[in-house]
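# An overview of the molecular structure
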Amino acid sequence: MSASVKEVKRITTHVLRNMKAQGEKISMLTAYDYSMARILDEAGIEILLVGDSASNVMAGHETTLPITLDQMIYHASSVIRAVKRSLVVVDLPFGSYQGNSMKALESAIRIMKESGAHSVKLEGGEEIVESVKRILSAGIPVMGHLGLTPQSIYKFGTYTVRAKKDDEAKKLKEDALLLEEVGCFGIVLEKIPAALGKEVSESLSIPTIGIGGGPHTDGQVLVSHDLLGITKDFKPRFLRRYLELYDMIKEAAQEYAKDVKSGDFPNDKEQY
Ligand code: KIV
């Protein structure tokens, strides 16, 4: 952890902006429950994202679309109870903000009031800017999310790299500038060419956080279940696995079952 961040008691949106200005990279990971959030907060991760990827990795859905606002609030409250230092960002789930800025504001207020979270994240650019503005007008910090936006998977039809073509790249650059102009404190850039990640990051004074957006974004985010190897078959090029927990947990469970069945567990010391 660098000196400037070590001195910071709580990560705020201002701290993140200063980090970008000083060229200090920002780390962000997803968290959905108390125990994991406590570990990641203690590890010094600056931003914990209560992502709607909970729909996939916690609930086993194929997409992020089914997760509800109530379920996001449940996950966010669990994370908030663990956190002492990280900034907590919560995804507004599909259907809770698109096309109706009043509904977006109500959803964001419910998240802030009922979970105690510090900010919200919305997917999209110009199409959802009225919702972003309305939420910001209530004093709620907003993070944007451009590039691959999984809530629109049925529009894209595929999870492939976005904005490779000039027209889509141009729209993404305009959307990023618009989100900065209206007051977002940061933008996630998902699965876009590294050169575009660099160009967008250099054009903004708010931090960009990449996931498959190359090395030049101001920070990086991963789904913690992917980084820890709890998800087994998901192997996109951008992912670096730091553990293989799927196999480790499975082996531990098999050992335990073996010991129970053989009568080795509990032993003399493991009883009253
Ligand atoms: O929901 C999520 O985990 C996300 C990240 C992939 C950025 O939005």
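Residues numbered from 1 in each chain as written. Predicted model: local features only at pLDDT ≥ 70, side-chain atom pairs only at ≥ 80, totals over all residues. Heavy atoms only, no water.

Following both chains from N to C, one finds helix α6 (residues 101-115) and helix α7 (residues 129-137) inclined at 45°, their axes separated by 8 Å at the closest point. In terms of axis orientation, α6 runs oblique to α7. The crossing of α6 and α7 is right-handed. Residues Ser101, Met102, Ala104, Leu105 and Ala108 of α6 form the contact with α7, whose own contacting residues are Glu130, Ser131, Arg134 and Ile135. Looking at the contact of α6 with α7, its residues break down into five nonpolar, two polar and two charged. (Axes fitted to C-alpha atoms, helices over the stretch in contact; angles between N-to-C directions. Helix = DSSP H or I, 4+ residues; strand = E, 2+ residues; numbered from the N terminus. Parallel < 35°, antiparallel > 145°, perpendicular 65-115°, else oblique. Left-handed = near helix turned anticlockwise from the far one by under 90°. Contact = heavy atoms within 4.5 Å. Nonpolar A, V, L, I, M, F, W, Y, C, P; charged D, E, K, R; others polar.)

To describe a pair of aromatic rings, you give the distance between the ring centres and the angle between the ring planes. In the structure shown here, the tally under the stated rule is one aromatic pair. When the ring centre of Phe156 is taken as origin, the NZ or CZ atom of Arg162, which lies over that ring, is 3.8 Å away. (Phe/Tyr/Trp six-rings, centres within 6.5 Å; stacked < 30°, edge-to-face > 60°. Lys NZ or Arg CZ within 6 Å of the ring centre and 35° of its normal.)

Before going further, it helps to examine the packing of helix α5 (residues 69-80) against α6. For the pair α5 and α6, interaxial distance at closest approach is 9 Å and the crossing angle is 35°. In this structure, α5 meets α6 at a crossing whose hand is right-handed. Where α5 abuts α6, its residues Leu69, Asp70, Ile73, Ala76, Ser77 and Ile80 lie against Ser107, Arg110, Ile111, Glu114 and Ser115. A class-by-class count of the residues in the contact of α5 with α6 yields five nonpolar, three polar and three charged.

This paragraph deals with a nonpolar patch on the surface. Together, Tyr256, Val260 and Phe265 make up an exposed nonpolar region whose accessible area comes to about 290 Å². Relative to the helices and strands, Tyr256 is located in helix α12 (residues 245-262). (Patch = residues over 30% accessible without salt bridge, like charges linked within 9 Å, V, L, I, M, F, W, Y side chains within 5 Å. Areas by Shrake-Rupley, 256 points an atom, 1.4 Å probe, with all protein chains shown as cover. Salt bridge = Lys/Arg side-chain N within 4 Å of Asp/Glu carboxyl O.)

What follows concerns the nonpolar core. Val120, Leu122 and Ile135 are the most contacted members of the largest nonpolar core, which totals 54 residues. Top element by residues in this core is α5. It accounts for six residues. When neighbours within four sequence positions are excluded, Ile135 is seen to be in contact with Leu92, Ala104, Leu105, Ala108, Val120, Leu122, Ile140 and Val142. Counting residues in hydrophobic clusters, the runner-up holds 16 residues, among them Met19, Ile47, Leu87 and Ile209. (Core = buried A, V, L, I, M, F, W, Y, C linked by side-chain atoms within 4.5 Å. Buried < 20%, exposed > 50% of the residue type's maximum accessible area, 1.4 Å probe, protein only.)

Quick look at α6 now. Between its first and last C-alpha atoms α6 spans 21 Å; for 15 residues at 1.5 Å apiece the expected length is 21 Å, and the two agree. Along α6, the residues classified as buried are Ser101, Ala104, Leu105, Ser107, Ala108, Ile111 and Ser115. Down the axis, α6 shows its buried residues gathered within 165° of arc, on one side only. Packed against the buried residues of α6 are α5, β3 (87-91), β4 (119-121) and α7. Taking the backbone nitrogen of Met102 as reference, a side-chain oxygen 3.1 Å away marks Asn100 as the first, capping residue of α6. (Expected span 1.5 Å × (residues − 1). Arc of directions from axis to C-beta. Polar contact = N/O pair within 3.5 Å; in protein donor to acceptor, adjacent residues only side chain to side chain.)

Neighbouring residues of the ligand: Thr30, Leu49, Gly51, Asp52, Ser53, Asp91, Lys121, His145, Val188, Glu190, Ile211 and Val223. Here Asp52 contributes a side-chain N or O atom positioned 3.0 Å from an oxygen atom of the ligand. Within the side chain of Ser53, one N or O atom sits 2.5 Å away from an oxygen atom of the ligand. Coverage of the ligand by the protein chains reaches 95% of its 260 Å² of free accessible surface. For the shell around the ligand, the class distribution of residues is four nonpolar, four polar and four charged. (Near = heavy atom within 4 Å.)

Any two side chains of opposite charge can pair if their charged atoms end up close together. Going through the model one piece at a time under the given rule, you end up with 14 salt bridges. A salt bridge links Arg38 to Glu42; the shortest N-O distance between them is 3.6 Å. Of this pair, Arg38 and Glu42 both sit in helix α3 (residues 34-42), four residues apart, roughly one helical turn. Under the relative-accessibility criterion, Glu42 is labelled exposed at 60%.

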